[in-house]
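Single-letter residue listing:
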Amino acid sequence: MTGTPIANDIRRLRFGRGEMTQQALADACGVTRQTIIALEAGRYAPSLELAFRIARAFSVGIEEVFRWEDA
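Residues numbered from 1 in each chain as written. Predicted model: local features only at pLDDT ≥ 70, side-chain atom pairs only at ≥ 80, totals over all residues. Heavy atoms only, no water.

Draft legend 1. Focus on helix α4 (residues 48-58). Within the span of α4, buried status applies to Leu50, Ala51, Ile54, Ala55 and Phe58. Across the axial projection of α4, the buried residues extend over an arc of 135 degrees, all falling on one side. Of the residues in α4, the exposed ones pointing more than 90 degrees away from the buried face are Leu48, Phe52 and Arg56. Buried positions along α4 lie against α1 (10-16), α2 (22-29), α3 (33-41) and β2 (66-68). In the segment just after α4, serine 59 is the residue with positive phi, at about 60 degrees. (Buried < 20%, exposed > 50% of the residue type's maximum accessible area, 1.4 Å probe, protein only. Helix = DSSP H or I, 4+ residues; strand = E, 2+ residues; numbered from the N terminus. Arc of directions from axis to C-beta. Contact = heavy atoms within 4.5 Å.)

Draft legend 2. Region of the structure containing α2. Buried residues of α2: Gln22, Leu25, Ala26 and Cys29, and no others. Taken end-on, α2 shows its buried residues confined to a sector of 100 degrees, consistent with a single buried face. Every exposed residue of α2 that faces more than 90 degrees away from the buried side is listed here: Asp27 and Ala28. Those residues of α2 hidden inside the fold are in contact with α1, α3 and α4.

Draft legend 3. Inspection of the environment of alanine 57 at higher detail. As for its placement among the helices and strands, alanine 57 is situated in helix α4. Judged by its relative accessible area of 27%, alanine 57 is partly exposed. Along the sequence, alanine 57 and alanine 24 sit 33 residues apart, while their C-alpha atoms lie 9.9 Å from each other. Excluding residues that lie within four positions of it along the chain, alanine 57 makes contacts with Leu25, Ala28 and Cys29.

Draft legend 4. Up close: unusual backbone geometry. Even without glycine at this site, glutamate 19 takes up a positive phi of about 55 degrees. Turning to its location among the elements, glutamate 19 is positioned in the loop between α1 and α2. For glutamate 19, a relative accessible area of 54% corresponds to the exposed category. Positive phi outside glycine occurs at serine 59, with the angle close to 60 degrees. Note on placement: serine 59 falls in the loop between α4 and β2.

By themselves, these observations are geometric and do not establish any function.
As structure tokens, this is what we get:
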């Protein structure tokens, strides 16, 4: 299995927020742009703290950003 079973809607949420850049989201969450890239690509599962930070940056609940997808 490649990647992680945790899927996300970060890209959709960024574009729904006036095309927020990956860098702007990274800055809001205190991580690097490379972290956001890896998350969007499904190559990295966030820590619980980062998941909360990302959800808060979009003013939504965690489950509106992340979901578990069985293989």
